Every structure is written in C-alpha cells, then in structure tokens.
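# Observations on the three-dimensional arrangement
Residue strings, one per chain:
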Amino acid sequence: VTEAEYKTEFTLWAVSAASMLVATDVRVLSPLQREILLNQELLAVNQISAPAGGLVYRPIGGHGTGTEVWMRRLAEGTAAVAVFNPTNKTAAVDVEFSKLKLPGCSSAKCTVQLRDLWAHADVSGSHAGKYKVELEPHATAAYKLTVVA
C-alpha cells in the first residue's frame with residue numbers, strides 16, 4: 001500500500017463520518033501512520049455532527065472510470081470535500097462548487113475559501129466557480145470549503 005492510498009483511506013473515512021478503528025499496535029506506529037492517524041483537522045471533520053443529508057458522493061466521468069468528489073456538509077456555508085482519483089493515471093479535476101449544492105452557493109459564480117486538510121494550510125485567495133486539483137494515481141485531496149459569496 002502506498003502513502004497516497006493510506007491517506008485516501010483515512011480521508012474517505014473522515015469525510016463519510018465512518019467509525020475510526022486502528023487495528024495495529026499503536027505503540028509502534030511509523031511516522032507516516034502517526035501523521036495520518038493524528039491529523040486533527042480530518043479527525044474534527046469526522047467527529048462533527050453534520051446536518052441531515054450530509055454526505056454526497058458524485059463520480060466525475062463515470063463510475064469506476066474517473067475521479068470522484070465526496071462532500072459532507074459541516075455547518076451553514078461549510079463543507080468537507082475529498083477529491084479522489086481511483087485510476088492508475090494522474091488526473092486533473094475541476095471541483096465545481098455549484099454542483100456540490102452548498103447552501104448559499106447555487107450559482108456558477110459561487111466563491112469559496114479552501115483549507116487543505118493535509119497541508120494544514122489555507123489555499124491562497126478566494127476561488128470563484130471551481131477549483132482545479134491535480135491528483136496522482138490513487139491519491140485524494142481533502143479540503144474544508146467556506147462559502148464567502
């Protein structure tokens with residue numbers, strides 16, 4: 001299993017609010033395992049009590065053939081988004097904010113701020129309409145989106 005695949009598994013568990021279980025001896029975790037399992041921002045996403053209908057799964061480009069966007073509404077105007085590339089090729093994905101149906105974000109000109117939940121950093125500036133993500137094979141990017149206009 002690659003680093004990207006480990007991070008993908010944890011990200012999709014977090015965004016889907018799945019029960020988290022560690023089936024290994026936590027006294028001997030590798031640095032990578034520690035980094036993944038102790039990601040406070042993704043753990044917080046996992047633990048937030050989301051509004052009804054919180055998880056949205058939408059394949060882009062057809063089931064099993066393209067990338068996927070997973071989204072979980074967190075609070076009014078915010079959401080956690082996982083962009084997943086299950087293919088064996090690098091993929092560029094446009095995350096279109098209006099298609100996520102966030103409250104306050106119904107037009108194609110919807111503007112959001114993004115926080116990268118793996119880099120633990122805000123993505124520079126506000127983003128109107130969409131955001132492009134480059135993903136290596138089997139990788140997942142995780143963001144917290146906040147609607148600003």
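Look above for the structure.
The rules behind each value
Residues numbered from 1 in each chain as written. Predicted model: local features only at pLDDT ≥ 70, side-chain atom pairs only at ≥ 80, totals over all residues. Heavy atoms only, no water. Helix = DSSP H or I, 4+ residues; strand = E, 2+ residues; numbered from the N terminus. Phe/Tyr/Trp six-rings, centres within 6.5 Å; stacked < 30°, edge-to-face > 60°. Buried < 20%, exposed > 50% of the residue type's maximum accessible area, 1.4 Å probe, protein only. Lys NZ or Arg CZ within 6 Å of the ring centre and 35° of its normal. Core = buried A, V, L, I, M, F, W, Y, C linked by side-chain atoms within 4.5 Å. Contact = heavy atoms within 4.5 Å. Salt bridge = Lys/Arg side-chain N within 4 Å of Asp/Glu carboxyl O. Pairing = 2+ DSSP bridges.

Looking now at the environment of Glu3. Note that Glu3 resides in helix 1 (residues 3-15). For the pair Glu3 and Ala139, spaced 136 residues apart in the sequence, the C-alpha separation amounts to 8.6 Å.

Here the focus is the packing of aromatic side chains. Under the definition given, this model contains two aromatic pairs. On the numbers, 5.6 Å between centres and 75 degrees between planes, the contact of Tyr131 with Tyr143 is edge-to-face. Highlighted residues: Tyr131 in strand 7 (residues 130-135) and Tyr143 in strand 8 (residues 140-147), separated in sequence by twelve residues. Taking the relative accessible area as the measure of exposure, Tyr143 reaches 7% and is therefore buried. The lysine or arginine in question, Lys7, covers the ring of Trp118, its NZ or CZ lying 5.0 Å from the ring centre.

With that settled, consider the nonpolar core. Ranked by size, the top nonpolar core spans 23 residues in total, and within it Phe97, Leu100, Leu102, Leu114, Val133, Tyr143 and Leu145 carry the most contacts. Those elements that place two or more of their residues in this core are strand 2 (67-73), strand 3 (78-84), strand 4 (91-96), strand 5 (111-116), strand 7 and strand 8. What Leu114 contacts, discounting residues up to four positions off in sequence, is Phe97, Asp122, Val123, His127, Tyr131, Tyr143, Lys144 and Leu145.

This next bit is on the pattern of salt bridges. Applying the stated rule across the entire model yields eight salt bridges. When the shortest N-O distance is used, the salt bridge between Lys132 and Asp94 registers 3.3 Å. Within this pair, whereas Lys132 is found in strand 7, its partner Asp94 is found in strand 4, the two being separated by 38 residues in sequence. Under the relative-accessibility criterion, Asp94 is labelled partly exposed at 26%. Across the pair Lys99 and Glu96 runs a salt bridge whose closest N-O atoms are separated by 3.6 Å. Each of the salt bridges in this network shares a partner with another, and the network as a whole consists of Glu3, Lys7 and Glu35.

With that settled, consider the pairing of strand 5. Two elements, strand 5 and strand 6 (residues 121-128), share five bridges in a ladder whose sense is antiparallel. Bridging across to strand 6, Gln113 finds its partner in Ser126. Connecting strand 5 to the antiparallel partner strand 6 that follows it, the hairpin turn spans four residues, and His120 within it adopts a positive phi of roughly 55 degrees. Summarising the sheet, strand 5 and strand 8 pair through five bridges and their orientation is antiparallel. Across the sheet, the residue bridging to Val112 is Val147, located in strand 8.

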